[in-house]
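# Remarks on the overall topology
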Amino acid sequence: SKKVSQKGEEPEISRIGHVEVEHLELTAAHWHDEFGDALLALEHAVNSGDHDEIVALLARTSLPLIIGGHGEAVDRILTRAPRASQDHPSARLLRAAAALPSGNNPVGTSTLELLDRRKSGLLVDGATESRVHLLLRESLRVQTAIGTGDIETALKRLQSVGGGSSGDPDLDAFVLLQEGR
């Protein structure tokens, strides 16, 4: 039979404490990441509130999440992330990529404008922009240009950074797909 809660009993989360719950969420995020479920890993990382883990996970999983068509779910999850995590270029690229299939080109355009205004090659946390971010950003520019025009300039920009192999066959295929549009 189901135990009826007595008045004055605290919920389980309060009893074990928020720090322990955050640790459990982080452990779940690592487990899902290890077994290749980027979306569930991201959800648990956001639930943990650990900015560094969220950003590291986004850096590793941006492409699979974009290609996998998980944009809407990622957007929903990231709205609960800490502000610093939402402002990270990986999160911005994912959210912009999520908006494009529904024809929301202004989100893509404004994201690109924001990233273009940043100091050359620097991310929010001071790290250098990775090749993955650069290729994803320029691919996003091509996708946005399909709806707004000036596709030729966007393709030239992508080709100027996309030459050669990145070492990631999925990323290379994604870039080639953008160049072939």
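An account of the accompanying structure is given in this report.

## Notes on the overall build of the protein
- Helix and strand counts for the protein come out as 11 helices and 0 strands.
- The helix and strand sequence of the protein, counted from the amino end, reads α-α-α-α-α-α-α-α-α-α-α.
- Put simply, the protein has 181 residues, and 38% of those count as buried.
- Counting contacts in the protein only where the partners sit at least 6 residues apart, residues at least 24 apart contribute 57% of the total.
- Total accessible area on the protein stands at roughly 10300 Å², and carbon and sulfur atoms take up 54% of it.

## Quick notes on empty space enclosed by the protein
- By the definition in use, this model includes 1 cavity of 30 Å³ or more.
- Lining the largest cavity, in full, are I66, L93, A97, L136, S139, L140, Q143 and F174.
- Take the lining of the largest cavity: its biggest share by element is 4 residues, from helix α9 (residues 131-148).
- Of the residues contributing to the lining of the largest cavity, the split by class is 6 nonpolar, 2 polar and no charged.

## Section: the side chain of N105
- Here N105 is to be found in helix α8 (residues 105-117).
- Note on N105: relative accessible area 15%, which makes it buried.
- Excluding anything up to four places from it in sequence, N105 contacts L100, Q143, T144, G147 and T148.

Rules used in this analysis
- Residues numbered from 1 in each chain as written.
- Predicted model: local features only at pLDDT ≥ 70, side-chain atom pairs only at ≥ 80, totals over all residues.
- Heavy atoms only, no water.
- Helix = DSSP H or I, 4+ residues; strand = E, 2+ residues; numbered from the N terminus.
- Buried < 20%, exposed > 50% of the residue type's maximum accessible area, 1.4 Å probe, protein only.
- Contact = heavy atoms within 4.5 Å.
- Areas by Shrake-Rupley, 256 points an atom, 1.4 Å probe, with all protein chains shown as cover.
- 1 Å grid on protein atoms, 1.4 Å probe; cavity = no way out; pocket = protein on both sides within 12 Å on 5 of 7 lines; lining within 4 Å.
- Points joined across faces, edges and corners; volume = space filled by probe spheres on them.
- Nonpolar A, V, L, I, M, F, W, Y, C, P; charged D, E, K, R; others polar.

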